[in-house]
Amino acid sequence: MVVTRADVARLAGTSPALVSYVLNGGPRQVAPATKARIEAAIAELGYRPNMSARSLRMNRGHALGMVIPDGANPFFAELSAVIEAAAFARGYPLFVGNAAGDEERERAYVRTFIDRRVEGLLAISSSWETGIADACEEAGMVLVALDRVIDPARCAHVMCDSVAGAEQAVAHLIGHGHREIACLSGPHVSTAEDRVQGYRNALAAAGLAEGRIVRTDFGGAAGYRALTDLMADSRRPTAIFVTSDLQAMGMLRAAYDAGLRVPDDLAVVAFDGIEYSRYTRPGLTTMVQPTRLMGETAIDLLLQQLDDHTPRPGVVNLEAVLHTRGSCGCPDEF
């Protein structure tokens with residue numbers, strides 16, 4: 001038996017119009033007591049709105065869009081999977097566009113999602129200059145940024161606290177007795193910049209000089225190639241803080257090929273906590289990002305804004321957790 005709004009209204013002792021106002025967040029306010037009765041009736045009857053009709057009225061498609069910088073990177077793949085599951089559980093399909101590190105491709109996906117009238121957009125931007133916030137604001141589309149800064153004054157951000165996480169990672173290396181610590185950073189995006197800042201903060205707090213900082217792409221091949229440059233410093237490092245797991249995995253292979261023993265000759269600590277990090281030899285010590293919490297928080301923020309039409313600019317900072325394995329000198333537990 002199909003439950004209608006009229007059924008909900010009868011059980012709540014109110015009008016179908018007020019039921020509509022509660023479901024659509026307006027256009028009129030509903031008294032708190034009346035709203036509570038309507039919500040209780042919806043729950044009791046198991047009422048589900050006709051989303052096709054709602055989308056036609058709102059001139060929106062009942063779907064969400066997401067843009068990621070690199071679908072081949074396991075961290076972004078894992079985060080996308082979590083967000084897709086969270087959206088699906090809340091009744092929304094999610095369409096994902098892979099920018100593949102190309103700013104123009106990222107712009108094209110944003111335009112496509114706007115043209116297709118998705119209800120909201122989640123974005124991990126490839127750069128700061130893509131104008132995602134401008135495009136969404138002009139289209140009246142809700143935007144939530146993840147992992148990288150877009151514009152905290154205009155849209156909600158869900159981030160891992162990369163500065164604090166990097167400080168903890170480097171402090172852990174210092175705790176192992178290392179004094180010459182280099183840094184392999186990613187490209188000039190906010191996430192990499194924050195992790196470099198955390199690296200510098202930890203060294204300064206310990207009264208240690210900065211080591212060599214090399215910037216490259218986040219991929220494994222880039223990490224492999226970077227080892228030669230890092231080890232060429234006149235103050236040869238005994239440890240390296242790497243700003244992504246994928247880079248670190250490439251570096252571990254490069255160290256093996258160069259005859260370096262990890263962690264005896266070179267200790268490595270990374271940042272991300274992807275599933276594959278446990279399968280390296282030795283296992284990779286890494287700052288684990290709260291991927292599931294990030295994804296669910298981002299979806300909930302997006303849907304809250306769709307429901308109450310209230311922007312929530314700013315940054316939600318979540319905490320990374322250090323997972324120690326053999327690459328830093330801790331016991332190599334699987």
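Note that this is a predicted model, so its numbers are computed, not measured.

S.K.: I'd like to hear about helix α10 (residues 220–231), residue by residue, with values.
M.R.: Over its twelve residues, α10 runs 17 Å from end to end, which matches the ideal 16 Å to within 8%, given 1.5 Å per residue. Of the residues making up α10, those classed as buried are A222, G223, A226, L227, L230 and M231. Burial along α10 is one-sided: seen end-on, the buried residues are contained in an arc of 155 degrees. Structural note: α10 exposes R225 and T228 on the side pointing more than 90 degrees away from its buried face. Packed against the buried residues of α10 are β6 (181–185), β7 (213–215), β8 (239–242) and α11 (245–257).

S.K.: Could you give me a rundown of empty space enclosed by the protein, with the residues and numbers involved?
M.R.: What the rule picks out here adds up to three cavities of 30 Å³ or more. Space inside the largest cavity adds up to approximately 70 Å³. Every residue lining the largest cavity is listed: N73, F75, F76, D147, R148, T191, R195, F218, S244 and D272. Of all the secondary-structure elements, those providing two or more residues to the lining of the largest cavity are α5 (74–89) and α9 (190–205). When grouped by side-chain class, the residues that make up the lining of the largest cavity number three nonpolar, three polar and four charged.

S.K.: Tell me about the sheet that holds β8, and please be specific about residues and values.
M.R.: Taken in spatial order, the six strands of this open sheet run β7-β6-β8-β9-β10-β12, and their pairing is mixed. On the outer flanks of this sheet lie β7 and β12 (321–323), each paired with one strand and no other. Neighbour-to-neighbour, the strand axes of this sheet turn through a mean angle of 20 degrees, independent of strand direction. For β6 and β8, the ladder comprises four bridges, and the chain directions are parallel. Bridging from a neighbouring strand, A182 pairs with I240 of β8. Sheet strands touched by α10: β6, β7 and β8. Its angle to β6, the strand with the most contacts, is close to 145 degrees.

Reading guide: rules and limits
- Residues numbered from 1 in each chain as written.
- Predicted model: local features only at pLDDT ≥ 70, side-chain atom pairs only at ≥ 80, totals over all residues.
- Heavy atoms only, no water.
- Helix = DSSP H or I, 4+ residues; strand = E, 2+ residues; numbered from the N terminus.
- Expected span 1.5 Å × (residues − 1).
- Buried < 20%, exposed > 50% of the residue type's maximum accessible area, 1.4 Å probe, protein only.
- Arc of directions from axis to C-beta.
- Contact = heavy atoms within 4.5 Å.
- 1 Å grid on protein atoms, 1.4 Å probe; cavity = no way out; pocket = protein on both sides within 12 Å on 5 of 7 lines; lining within 4 Å.
- Points joined across faces, edges and corners; volume = space filled by probe spheres on them.
- Nonpolar A, V, L, I, M, F, W, Y, C, P; charged D, E, K, R; others polar.
- Pairing = 2+ DSSP bridges.
- Axes fitted to C-alpha atoms, helices over the stretch in contact; angles between N-to-C directions.

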